[in-house]
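# Remarks on the overall topology
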Amino acid sequence: MTSQAELDKLIRSDYEAGFVSAVESDTLPPGLSEDVIRFISGKKGEPEWLLEWRLAAYHKWQQMPLPTWAHLKHPPVDFDEVSYYSAPKSMEDRPKSLDEVDPELLRTYEKLGIPLHEQEMLAGVAVDAVFDSVSVGTTFKAKLLEAGVIFCSISEAVHDYPDLIKQYLGSVVPQGDNFYAALNSAVFSDGSFVYIPKGVRCPMELSTYFRINEAKTGQFERTLIVADEGSYVSYLEGCTAPMRDENQLHAAVVELVALPGAQIKYSTVQNWYPGDENGKGGIYNFVTKRGVAHENSKISWTQVETGSAITWKYPSVILRGDNSVGEFYSVALTRHMQQADTGTKMIHLGKNTKSTIISKGISAGRSNNSYRGLVRISPRADNARNFTQCDSLLLGDTCGAHTFPYIESRNRSAMIEHEATTSKVSDDQLFLCRNRGIDPEKAVSMIVNGFCKEVFKELPMEFAVEAGKLLEVSLEGAVG
Amino acid sequence: MLEIKDLHASVAGEDILKGLSLTVKAGEVHAIMGPNGSGKSTLTNVLSGRDGYEITGGQALLEGRDVSELDPEERAHAGLFLAFQYPVEIPGVSNLEFLKASLEATRKAQGKEPWDAVTLLKKAREACKQVDLDPQFLKRGVNEGFSGGEKKRNEIMQMLLLEPKLALLDETDSGLDIDALQVVARGVNSLRSPERAIVLVTHYQRLLDYIVPDHVHVLAGGRIVKSGGKELALELEQKGYGWITGQPEGATA
Ligand SMILES: Nc1ncnc2c1ncn2[C@@H]1O[C@H](COP(=O)(O)OP(=O)(O)OP(=O)(O)O)[C@@H](O)[C@H]1O
Ligand SMILES: [Mg+2]
């Protein structure tokens, strides 16, 4: 067998998380209007100001054109075909503990290898699990509260911590920031809220697992993390979705606020259904993630993106305060017909600000993988530094890798370095491995993992293992 | 150990090996010499099962098994090892990680007991020492940024750990300084045993001062055109290849 044929086989393996859970849902008919927004807001018992906020976002969204600049090709999304609210039926009365959670739901998590009970005890990780649009299980709350850490769903936070929400919601990603952020602001269903008080080091890694489960149901998560002065938090986001034929829209917003001296580490492993070999199905993922870093603070985004048919995602940092640091570490793997246009924006406003961008793109099959990154140094950002390294790895000849770096420097003292490479898993590398007794499947996964090493080492331990496994599964196939 | 009978092979549609025959018995060391482009690397690649190298006639038997029936990794498990003329880099994959994968797979296939992490590290350090390679190299990416000579020593280091039955060394001496040449030769010699065989491809008699071959062959135009004992190498050094390749009719195969 030629190595090309082997590679093809490797990347054709089936989606492991492809199953549909049978939880009944209470779903709104498709289409968006003021009434739909009122329904969502009413269902959540939201205060008037938030309804107004949503409506204002909706009106902005109506005026906005669809962004077309990304290196992505897909049929237009019919926003009237999308259903904007769905909640598992058994959730009408919020379960008080995991024991009250629909067993089908728990089984879904188990199939994904996320047994909540075990995680609570073994990993010491607090899990705010989002199933469709409503949070169903929040754990370790007591322990976190002891440290003064707030970790709950956004809906809860709206009721319990209205001042914090009022102050920070939309403070990083304004309602009208972009088309998808505006849509999210109008209809966001739920998501996580985190607040770490002054000087507190969050005693555990906070983790949310997502899962999109309703056909044709858009998923509009909203996450807000506020790290008060001198605090530290590491947040993990991981997701996977069942196999489906219809394209599912996903437009999330994540806002991070790192107050002076704070550190936020945000890690994502994303494994939503990428669609089949012929590009049928798969999630459309349009995400706005942004953080504001005040003086002496640090925000790190680390992402491992292997899923979704379409990925449109640029986790960014606004380096507002002097001496603030922004980091972006990314692995994006595309195969089949997947398209990813992902990267970051580092906006240097403060003096002595520093940003690092390490992006690793792996393309296989007939996929397209683009890095798009902006580094902007404002006139008053003296001594700003950026280092960007952008590497692409091609598996086979039918895929594409592209790099779109934008550098805007308005301050002469800026130091900006940019490195970019494109390489292939070469026949020579494969042959060396095989000559040493290593089968091609293992060889490819080893080579790809080696390529991603600089990013994986930024992930929290458990996540790094998971990410390695995920790549292996994504590249896996019977080789004979 | 290795029996090659009237082997014909092509690369990219071009016939390179044209009726090559060679028998290597266990315990023997054979040296293969010959002009640039004569097919020496092609032979080692064909034997190892590299993609694109096609056997178009004849056969090669490794301990009686036709190699064309085995995938490259299966040949490795059967005890075949190729030290590359140009070892390739695998960035980000540490030497140790690579060795672990290699030894795990190979020892498993050979029914040998697996080495735990401590044993592996200990053995790998010893092997490094044997070829005068700093153990720090175990942490570096496979051949990543290694000098030419370091790459060659790294190949031999891996060979020492894998303990192959049949080792094919393709110009392992090229790029080595004089001291390194002796170190590598010592490493190779340490592997010499009645149950192993070694095939050395080289351009220089010098290596053969340190690894003394039982047989020397001249490969030209895709065939073995002359064979002899170790003194043949000396003769070649003095006279070059012209006197053999100029009169291929009279050459013995
Ligand atoms: N992939 C390939 N495509 C086309 N021709 C090839 C290829 N590989 C080898 N050849 C040709 O096959 C012939 C033999 O090459 P080979 O590398 O076996 O020679 P060699 O004896 O090892 O030479 P050297 O002493 O220079 O290492 C050469 O003419 C070479 O150009
Ligand atoms: Mg050669």
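As a starting point, this report considers the structure included with it.

So, how was this worked out
- Residues numbered from 1 in each chain as written.
- Chains lettered and ligands numbered in written order.
- Predicted model: local features only at pLDDT ≥ 70, side-chain atom pairs only at ≥ 80, totals over all residues.
- Heavy atoms only, no water.
- Helix = DSSP H or I, 4+ residues; strand = E, 2+ residues; numbered from the N terminus.
- Rg over C-alpha atoms; globule rule 2.2 N^0.38 Å.
- Buried < 20%, exposed > 50% of the residue type's maximum accessible area, 1.4 Å probe, protein only.
- Contact = heavy atoms within 4.5 Å.
- Areas by Shrake-Rupley, 256 points an atom, 1.4 Å probe, with all protein chains shown as cover.
- Lys, Arg positive; Asp, Glu negative; His and termini not counted.
- Charge placed at Lys NZ, Arg CZ, Asp CG, Glu CD.
- Donors = N, O, S within 2.8 Å, 3.2 Å for Na, K, Ca; no water.
- Buried area = accessible area lost by both parts, 1.4 Å probe.
- Salt bridge = Lys/Arg side-chain N within 4 Å of Asp/Glu carboxyl O.
- Polar contact = N/O pair within 3.5 Å; in protein donor to acceptor, adjacent residues only side chain to side chain.
- Pairing = 2+ DSSP bridges.
- Axes fitted to C-alpha atoms, helices over the stretch in contact; angles between N-to-C directions.
- Near = heavy atom within 4 Å.
- Nonpolar A, V, L, I, M, F, W, Y, C, P; charged D, E, K, R; others polar.
- Core = buried A, V, L, I, M, F, W, Y, C linked by side-chain atoms within 4.5 Å.
- Left-handed = near helix turned anticlockwise from the far one by under 90°.
- Parallel < 35°, antiparallel > 145°, perpendicular 65-115°, else oblique.
- Expected span 1.5 Å × (residues − 1).
- Bend = angle between axes of the 7 residues up to and from the residue.
- Disulfide = S-S within 2.5 Å.

### Some words on the overall build of chain B
Helix and strand counts for chain B stand at 9 helices and 12 strands. For a compact globule of 253 residues, the expected C-alpha radius of gyration is about 18 Å, and chain B comes in at 18 Å, within 12% of that figure. Residues counted as buried form 53% of the 253 residues belonging to chain B. In chain B, of all internal contacts separated by at least 6 residues, the share reaching a separation of at least 24 is 70%. Per element, the accessible surface of chain B, about 11000 Å² overall, is 47% carbon and sulfur. One finds the centroid of the 29 positive side-chain charges in chain B at a distance of 4 Å from the centroid of its 37 negative side-chain charges.

### Remarks on the overall build of chain A
Looking only at helices and strands, one finds 12 helices and 23 strands in chain A. Within chain A, buried positions represent 63% of all 480 residues. When contacts within chain A are restricted to residue pairs at least 6 apart in sequence, long-range pairs at least 24 apart make up 85% of them. In the form shown here, chain A has an accessible surface area of approximately 17400 Å², with 50% of it arising from carbon and sulfur atoms.

### Describing the coordination of the magnesium ion (ligand 2)
Residues and elements named next belong to chain B. Coordination of the magnesium ion (ligand 2) by the protein involves Ser 41 (OG) and Gln 85 (OE1), with metal-donor separations of 2.0 to 2.3 Å. Highlighted residues: Ser 41 in helix H1 (residues 40-48) and Gln 85 in the loop between strand E6 (80-83) and strand E7 (90-94), separated in sequence by 44 residues. Classification of Gln 85 as buried rests on a relative accessible area of 15%.

### Describing the side chain of Asn 154 of chain B
Position of Asn 154 of chain B among the secondary structure elements: in helix H5 (residues 148-162). On the accessibility criterion, Asn 154 of chain B (0% relative accessible area) is buried.

### Let's talk about the interface of chain A and chain B
Frequently, the measure chosen for interface size is the accessible area removed from exposure when the parts meet. Taken together, the contact pairs 22 residues of chain A with 33 residues of chain B. Carbon and sulfur atoms make up 60% of the area that chain A and chain B hide from each other, which totals about 2100 Å². Our enumeration of links across chain A and chain B arrives at 4 salt bridges. For Glu 97 of chain B, the salt bridge goes to Lys 453 of chain A, with nearest N and O atoms at 2.9 Å. The interface formed by chain A and chain B holds 12 residue pairs in polar contact (both at pLDDT 80 or more) in total. Elements that contribute at least two residues to the side of chain A that touches chain B include exactly helix H10 (427-435) and helix H11 (440-456) of chain A.

### Details of the sheet that holds strand E1 (residues 2-11) of chain B
Residue and element names in this part refer to chain B. Strands sit in the order E2-E1-E4-E5 across an open sheet of 4 strands; the sheet is antiparallel. Two strands lie at the open edges of the sheet, namely strand E2 (14-24) and strand E5 (65-66), each paired on one side alone. With 8 bridges joining them, E1 and E2 adopt antiparallel strand pairing. Bridge pairing links Leu 7 to Leu 20 in E2. In this fold H1 packs onto E1, E2 and strand E4 (53-62), with an angle of close to 105° to the strand it touches most, E1.

### Quick notes on the site of ligand 1
Residues and elements named next belong to chain B. For ligand 1, the set of nearby residues contains 15 residues, the closest of which are Gly 37, Lys 40, Ser 41, Thr 42 and His 203. Across the complex, the protein chains shield 63% of the 640 Å² of accessible surface that ligand 1 would expose by itself. Element by element, the count of residues in the shell around ligand 1 is highest for H1, at 3 residues. Partitioned by chemical class, the residues of the shell around ligand 1 number 5 nonpolar, 8 polar and 2 charged.

### Some points on the pairing of strand E14 (residues 298-305) of chain A
On a regular strand, each side chain points to the face opposite its neighbour's, so the side chains alternate between the two faces of the sheet. All names here are of chain A. Of all 8 residues in E14, 7 are buried; the element is thus mostly enclosed. Where strand E12 (residues 263-271) meets E14, 8 bridges bridge the pair, whose relative direction is parallel. Opposite Ser 267, over in E14, you have Thr 302 as the bridge partner.

### Structural notes on the pattern of salt bridges
Residues and elements named next belong to chain A. Going through the model one piece at a time under the given rule, you end up with 24 salt bridges over all chains. Here Glu 408 ties to Arg 410 by a salt bridge, and the two come within 4.0 Å at their closest N and O atoms. Judged by relative accessible area, Arg 410 falls into the exposed class, the value being 52%. Bridged by salt links that share partners, the residues Lys 360, Asp 391 and Glu 454 form one connected network.

### A short note on the nonpolar core
Membership of the largest hydrophobic core comes to 66 residues, with the highest contact counts inside it found for Ile 362 and Val 448 of chain A together with Ile 4, Leu 20, Leu 43, Phe 98 and Leu 166 of chain B. Counting residues per element, this core draws most heavily on H11 of chain A, which supplies 9 residues. Apart from residues lying up to four places away in sequence, Phe 98 of chain B is in contact with Leu 432, Cys 433, Arg 436, Ile 438 and Met 446 of chain A together with Ile 90, Val 93, Val 142 and Gln 158 of chain B. Formed by 45 residues, the second largest nonpolar core is a distinct cluster that contains Phe 81, Met 157, Ile 198 and Val 216 of chain B.

### Brief notes about the packing of helix H3 (residues 95-109) of chain B against H5 of chain B
Residue and element names in this part refer to chain B. Direction vectors running N to C along H3 and H5 enclose 35°, while the axes themselves pass 11 Å from each other. Two packed elements cross with a definite hand, and for H3 against H5 that hand is right-handed. Together, Asn 95, Phe 98, Leu 99, Ser 102, Leu 103 and Thr 106 of H3 and Asn 154, Met 157, Gln 158, Leu 161 and Leu 162 of H5 make up the contact between the two elements. For the contact of H3 with H5, a count of residues per class yields 6 nonpolar, 5 polar and no charged.

### Side note on the packing of helix H2 (residues 34-43) of chain A against helix H3 (residues 48-63) of chain A
Residue and element names in this part refer to chain A. At a minimum axis distance of 10 Å, the contact between H2 and H3 shows a crossing angle of 150°. In this view, H2 runs roughly antiparallel relative to H3, as classed from their interaxial angle. In this structure, H2 crosses over H3, and the sense of that crossing is right-handed. Here Glu 34, Ile 37, Arg 38, Ile 40 and Ser 41 of H2 lie close against H3, whose contacting residues are Leu 51, Arg 54, Leu 55, Tyr 58 and His 59. Grouping the constituent residues of the contact of H2 with H3 by class yields 5 nonpolar, 2 polar and 3 charged.

### Quick notes on helix H6 (residues 178-191) of chain B
All names here are of chain B. With 14 residues, H6 ought to run about 20 Å at 1.5 Å a step, and its terminal C-alpha atoms sit 20 Å apart, in line with that. Looking at the buried side of H6, the elements it contacts are helix H4 (117-130), H5, strand E9 (166-170), strand E10 (197-201) and helix H7 (205-210). Two or three places before Asp 179, at the start of H6, stands the capping residue Asp 177, its side-chain oxygen 3.0 Å from that residue's backbone nitrogen.

### Remarks on H11 of chain A
Residues and elements named next belong to chain A. If you check H11, its first and last C-alpha atoms are 22 Å apart, about what 17 residues at 1.5 Å a residue would give, namely 24 Å. For H11, the principal kink sits at Gly 450 and spans about 40°. Counting buried positions along H11 gives 13 out of 17 residues, so the element sits mostly inside the fold.

### Things to note about the state of the cysteines
The full count for this structure, using the stated rule, is 0 disulfides over all chains. Counting only cysteine sulfurs, Cys 452 of chain A is the nearest neighbor of Cys 399 of chain A, a cysteine outside any disulfide, at a range of 14 Å. Among the residues examined, Cys 399 of chain A registers a relative accessible area of 13% and is labelled buried. Free cysteine: Cys 128 of chain B, not disulfide-bonded; nearest cysteine sulfur from Cys 433 of chain A at 18 Å.

### Some points on the environment of Ser 190 of chain B
Residues and elements named next belong to chain B. With respect to the helices and strands, Ser 190 occurs in helix H6. For the pair Ser 190 and Leu 160, spaced 30 residues apart in sequence, the C-alpha separation works out to 8.5 Å. Beyond its immediate sequence surroundings of up to four residues, Ser 190 is in contact with Gln 130 and Leu 160.

### Here's the deal with the pairing of E1 of chain B
All names here are of chain B. Pairing of E1 with E4 involves 8 bridges; the strand directions are antiparallel. Among the inter-strand pairings, His 8 is bridged to a residue of E4, identified as Gly 57. Linking E1 to E2, which pair antiparallel, is a turn of 2 residues; within it Ala 12 sits at a positive phi near 50°.

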